[in-house]
Amino acid sequence: MTKLHWKRTLRTASSERFLALRDGQDVAAVDLHHLGNGTVAGTVVLMESAGWKEADVPALLQSLDEDFLPDVDLAHGTLNYTVVIGRVLGNYEAEQDGG
């Protein structure tokens, strides 16, 4: 598998969103929530079109962990992920009231 490039797209005091890119294409999106007890909960959406296999998931999670999460890890129970495969249907944003 070609090396992933991570791009942070959002950061707040307690959460972050990343996109994983491979060959210039979005292949995964990750939302991380830093909880008050020192743990991190993440949701990983693998893009259906990227051809992910279940066997690819550990390397993806390890890449994210090593690059952005030095204080937590799966082995110590301070990091957990929910992983799904899907596709982008669109971006929906709040509209300003015209009246």
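Throughout this document, residue positions are counted from 1 along each chain, in the order its sequence is written. Under the rules for a predicted model, residues below a pLDDT of 70 receive no local features and side-chain atom pairs below 80 are neither given nor counted, while totals for whole chains, interfaces and linings still include all residues. In computing side-chain values, all of the structure's heavy atoms are included and hydrogens and water are not.

**Overview of the overall build of the chain**
Here comes step 1: Secondary structure follows DSSP: runs of H or I at least 4 residues long count as helices, runs of E at least 2 residues long count as strands, and numbering of each begins at the N terminus. If you tally the helices and strands in the chain, you get one helix and five strands.
Here comes step 2: Burial classes follow relative accessibility: with a 1.4 Å probe on protein chains only, a residue under 20% of its type's maximum area counts as buried, one over 50% as exposed, and anything between as partly exposed. Considering the chain as a whole, with its 99 residues, one finds that 33% of them fall into the buried category.
Here comes step 3: Once local pairs closer than 6 in sequence are excluded, the contacts in the chain between residues at least 24 apart make up 35%.
Here comes step 4: The method behind every accessible area is Shrake-Rupley, applied with a 1.4 Å probe, and residues are considered shielded solely by the protein chains displayed. As presented, the chain carries roughly 6900 Å² of accessible surface, and 48% of it is formed by carbon and sulfur atoms.
Here comes step 5: Across the chain, 8 positive and 15 negative side-chain charges occur, with their mean positions spaced 4 Å apart. Whether two residues are in contact is decided by their heavy atoms, any of which lying within 4.5 Å being enough. Under this rule, positive means Lys or Arg and negative means Asp or Glu; His and the chain ends count for nothing. Lysine's charge is taken at NZ, arginine's at CZ, aspartate's at CG and glutamate's at CD.

**Observations concerning the environment of Arg 11**
Here comes step 1: Mapping Arg 11 onto the fold places it in strand β1 (residues 5–11).
Here comes step 2: Sequence separation of Arg 11 and Asp 31 is 20 residues, and the distance between their C-alpha atoms is 9.8 Å.

**Digging into the pattern of salt bridges**
Here comes step 1: Criterion for a salt bridge: a side-chain nitrogen of Lys or Arg within 4 Å of a carboxyl oxygen of Asp or Glu. All told, the structure shown has four salt bridges when counted by the stated rule.
Here comes step 2: Across the salt bridge formed by Glu 16 and Arg 11, the nearest N and O atoms sit 3.8 Å from each other.
Here comes step 3: Taken together, the salt bridges that share partners define one network made up of Arg 8, Arg 11 and Glu 16.

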